[in-house]
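Each chain, letter by letter, is given below.
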Amino acid sequence: MKGSLKLVALLVLFGLLILIRIFENELFYDPYLQFFKSDYLTIDSPRREIFKLTLFTTIRYVLNTIISLGILYVFFKDKGIIKFSLFFYGIAYVIILLPFLYFVYNPRQEDYYLFFNVRRFLIQPIFLILLIPAFYYHKLKR
């Protein structure tokens, strides 16, 4: 990819991540969005439909993953990195979903902060922030 085309592709992909964040209230069912914006340490957990919450959280994770894989491909153009990242995202989803579901089924005020951070890994593209420098460093060392 030429430099200008690569830049446009990255801008579009990062723009999609930003749009997901901007329109999260309209696109996804997540009663915890407003809950964690409030003084959540002093109030009870919101009413929620667990299946619907899990489904929409999964959809958001998949969308962020697809866009993140696109960004990684544009940056590195290495199918090996994409395969590893896809495996990593899949394993991470399973591992992070388990405590997420535990906290959804067993809401306790003393666990809210931990739940907030676990949930963040599912709804934000945090792994992208970790993988780009890791793969860049790996590429430099090769």
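See the structure shown above.
Residues numbered from 1 in each chain as written. Predicted model: local features only at pLDDT ≥ 70, side-chain atom pairs only at ≥ 80, totals over all residues. Heavy atoms only, no water.

A word on helix α4 (residues 50-76)
1) Next: In this model α4 runs 38 Å from its N-terminal to its C-terminal C-alpha over 27 residues, within 8% of the 39 Å that 1.5 Å per residue would give.
2) Next: Directly after α4, the chain includes K77, whose backbone phi takes a positive value near 50 degrees. (Helix = DSSP H or I, 4+ residues; strand = E, 2+ residues; numbered from the N terminus. Expected span 1.5 Å × (residues − 1).)

A short note on empty space enclosed by the protein
Rolled over the atoms, a probe with the dimensions of a water molecule shows which regions are left empty.
1) Next: Under the counting rule described, the total for this entry stands at 1 cavity of 30 Å³ or more.
2) Next: As a volume, the largest cavity reaches approximately 50 Å³.
3) Next: What lines the largest cavity is simply Y61, N64, T65, S68, Y89, F121, L122, Q124, P125, I126 and F127.
4) Next: Examining the composition of the lining of the largest cavity, we find that 4 residues originate from one element, α4, more than from any other.
5) Next: Residues that form the lining of the largest cavity fall into these classes: 7 nonpolar, 4 polar and no charged. (1 Å grid on protein atoms, 1.4 Å probe; cavity = no way out; pocket = protein on both sides within 12 Å on 5 of 7 lines; lining within 4 Å. Points joined across faces, edges and corners; volume = space filled by probe spheres on them. Nonpolar A, V, L, I, M, F, W, Y, C, P; charged D, E, K, R; others polar.)

Overview of a nonpolar patch on the surface
1) Next: A grouping of V8, V12, L16, I18, L19, I22, F23 and L27 is seen on the molecular surface, where their side chains present a nonpolar patch of about 710 Å² in accessible area.
2) Next: Of all the elements, helix α1 (residues 3-22) adds the most residues to the nonpolar patch, at 6 residues.
3) Next: Relative to the elements of secondary structure, L16 occurs in helix α1.
4) Next: Given a relative accessible area of 37%, L16 falls into the partly exposed group. (Patch = residues over 30% accessible without salt bridge, like charges linked within 9 Å, V, L, I, M, F, W, Y side chains within 5 Å. Areas by Shrake-Rupley, 256 points an atom, 1.4 Å probe, with all protein chains shown as cover. Salt bridge = Lys/Arg side-chain N within 4 Å of Asp/Glu carboxyl O. Buried < 20%, exposed > 50% of the residue type's maximum accessible area, 1.4 Å probe, protein only.)

Section: the side chain of Q124
1) Next: The residue Q124 is located in the loop between α6 (112-123) and α7 (126-141) in this model.
2) Next: In this structure Q124 touches R21, E24, R60 and N64, once residues within four positions along its chain are discounted. (Contact = heavy atoms within 4.5 Å.)

Section: the packing of aromatic side chains
1) Next: Taken as a whole and assessed by the stated rule, the structure comprises 13 aromatic pairs.
2) Next: An angle of 50 degrees between the planes, with centres 5.7 Å apart, marks the rings of F103 and F115 as tilted. Taken together, the residues F103 in helix α5 (residues 79-105) and F115 in helix α6 connect sequence positions 12 residues apart.
3) Next: Take F115: its relative accessible area is 2%, and that puts it in the buried class.
4) Next: Where F121 meets F127, the ring centres are 5.4 Å apart and the plane angle is 40 degrees; that geometry is what we call tilted.
5) Next: By relative accessible area, which is 30% here, F121 ends up partly exposed.
6) Next: Put simply, the rings of Y61, F75, F76, F84, F88, Y89, Y93, F121, F127 and F135 touch in pairs and so form one group of aromatic residues. (Phe/Tyr/Trp six-rings, centres within 6.5 Å; stacked < 30°, edge-to-face > 60°.)

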